[in-house]
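Topology and contacts: notes
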Amino acid sequence: MARLISPRRILTPSISLLFPPPTHFQKSLLSPQSLAFSIKPISKAPISTGRSIMTKASTTATAVVADDIADLLGEVGIFTAAGEPVKFKDLWDQREGVAVVALLRHFGCFCCWELAAALKESKEKFDSAGVKLIAVGVGTPDKAQLLAERLPFPLDSLYCDPNREAYDVLGLYYGLGRTFFNPASVKVFSRFGELKKAMKNYTIKATPEDRSSVLQQGGMFVFKGKQLLYARKDEGTGDHAPLDDIFSICCKVPTTA
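The name that an unreviewed UniProt entry assigns to the chain is Thioredoxin-like protein AAED1, chloroplastic, with the source organism given as Castilleja foliolosa.

What follows is about the pairing of strand 8 (residues 219-224). Working note: regular strand, side chains alternate between the two faces of the sheet. Counting buried positions over the six residues of strand 8 gives six, a clear majority of the element. Taking every second residue as pointing to the same face, both faces of strand 8 are buried, with G219, F221 and F223 on one and M220, V222 and K224 on the other. Pairing of strand 5 (residues 98-106) with strand 8, which is carried by six bridges, proceeds in the antiparallel orientation. Paired with V101 across the two strands is F221, which belongs to strand 8. With six bridges joining them, strand 8 and strand 9 (residues 227-233) adopt antiparallel strand pairing. Along strand 9, the bridge assignment pairs V222 with Y230.

Another point: the pairing of strand 6 (residues 131-138). Buried residues dominate strand 6, accounting for seven of its eight residues. Note: strand 5 against strand 6, seven bridges, orientation parallel. If you follow V101 over to strand 6, its bridge partner there is I134. After leaving strand 5, the chain enters helix 5 (residues 110-128) and then returns to the sheet as strand 6, a path that is right-handed. Of the strand pairs in this sheet, strand 6 and strand 7 (residues 158-160) are connected by three bridges, and their pairing is parallel.

Another point: the layout of surface pockets. Its volume calculated, the second largest pocket comes out at about 400 Å³. As for the second largest pocket, its lining consists of 21 residues, of which E114, L115, A117, A118 and E194 are closest to the centre. At the level of elements, helix 5 and helix 9 (192-198) are the ones that each hand at least two residues to the lining of the second largest pocket. It is helix 5 that provides the largest number of residues to the lining of the second largest pocket, a total of six residues. Here the residues of the lining of the second largest pocket are counted per class, giving eight nonpolar, three polar and 10 charged.

Further remarks concern the sheet that holds strand 9. Taken together, seven strands build an open sheet; the order of strands is 4-3-7-6-5-8-9 and the sheet is mixed. Edge strands, defined here as strands with exactly one partner in the open sheet, are strand 4 (85-87) and strand 9. Averaged over neighbouring strand pairs, the angle between their axes works out to 30° when direction is ignored. Where strand 3 (residues 77-80) and strand 4 come together, three bridges link them in antiparallel fashion. Directly across from I78, in strand 4, lies its bridge partner V86. On the sheet, helix 5 packs against strand 5, strand 6 and strand 8 and is oriented at approximately 165° with respect to strand 5.

Moving on, we get to a nonpolar patch on the surface. On the surface, L176, F180 and F181 cluster together into a nonpolar patch covering about 310 Å² of accessible area. Checked against the element boundaries, F180 lands in helix 8 (residues 176-180).

A word on unusual backbone geometry. The peptide bond linking L151 to P152 adopts the cis configuration, its omega dihedral lying at -5°. Its location among the elements puts P152 in the loop between helix 6 (141-150) and strand 7. Phi at R164 is positive, roughly 60°, even though this residue is not glycine. On the secondary structure map, R164 appears in the loop between strand 7 and helix 7 (165-169). Judged by its relative accessible area of 1%, R164 falls in the buried class.

The rules behind these values
- Numbering of residues begins from 1 in every chain and follows the order in which that chain's sequence is written.
- Whole-chain, interface and lining totals are the exception, using all residues; otherwise, since this is a predicted model, local features are given only for residues with pLDDT of at least 70 and side-chain atom pairs are given and counted only at 80 or more.
- For the side-chain quantities, the full set of heavy atoms in the structure was used; hydrogens and water were omitted.
- For the exposure calls, accessible area comes from a 1.4 Å probe over protein chains only, and a residue counts as buried if that area is under 20% of its type's maximum, exposed if over 50%, partly exposed in between.
- Put simply, DSSP H or I for four residues or longer makes a helix, DSSP E for two residues or longer makes a strand, and each gets a number counted from the N terminus.
- Strands qualify as paired when DSSP identifies two bridges or more between them.
- By convention, a crossover is right-handed whenever its connection, traced from the first strand over the helix to the second and viewed with the strands pointing away, goes clockwise.
- The rule is simple: put a 1 Å grid over the protein atoms alone, call a set of points where a 1.4 Å probe fits but cannot get out a cavity, call an open set with protein on both sides within 12 Å along at least five of seven lines a pocket, and count a residue as lining if it has an atom within 4 Å of a point.
- Grid points are joined across faces, edges and corners, and a volume is the space filled by probe spheres set on the points.
- All residues other than Ala, Val, Leu, Ile, Met, Phe, Trp, Tyr, Cys, Pro, Asp, Glu, Lys and Arg, Gly among them, are scored as polar; the first ten of these are nonpolar and the last four charged.
- Between the N-to-C directions of two axes lies an angle of 0 to 180 degrees, each axis being a line fitted to C-alpha atoms and, for a helix, fitted only over the stretch in contact.
- For this analysis, residues touch if any pair of their heavy atoms sits within 4.5 Å.
- Patches here: salt-bridge-free residues with over 30% relative accessible area, like charges joined within 9 Å, nonpolar side chains (Val, Leu, Ile, Met, Phe, Trp, Tyr) joined within 5 Å.
- Methods summary: accessible areas were calculated by the Shrake-Rupley approach with a probe of 1.4 Å, and residue burial reflects only the protein chains presented.
- Just to be clear on terms, a salt bridge is a Lys or Arg side-chain nitrogen sitting within 4 Å of an Asp or Glu carboxyl oxygen.

The structure is reproduced here in structure tokens:
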């Protein structure tokens, strides 16, 4: 007699590679006790009024930002991957310099390892166009160094925002639903090959000690001096901005040597 195999069993090996069985640590992230006591509310900067910045391919994730967002973000203090304090306004030329600011979720997010890998592969293109690449993740410098060493990723382009201050200023999404149940998150399945490659040396040890940080979403922004050219919020986990959009904007902007 032929043996029937359920579709679920057939799909299990592929899905398990992308979402491996949760460890005790991962289960604790979603426990009612953990969520009740470890998730702290985040302040929202006054960015409800301002301009909508969009591109043809990213209208569904358009970010509404304050007209003075560059000044607000410029005063936010973060850290280099080596642990040195720095402010955003010191990361690129505030008059004419072009910068791509990619905010990852956190250093232990495997979807962020995929995005970091794509950014690393694009860095030569950014450099040749005179564009500064700035990748920021939630976590402490030691967590950033794990990603930088194991992926690998250039340390001079990697920064840490352990308190999620820049994420608050930019109004990026946060919460359980956005992180685990948003329909936009299914996009990661279309990039299974890229994910598997990026996770070759992945370690969950890069996850921040602050468990509430795993509910933070990221985004992508392009500045020319203080002028905001592009703003996009990630709707869900793995819903990254199309890099072709970023390249198009950077190529259209005349840069100085």
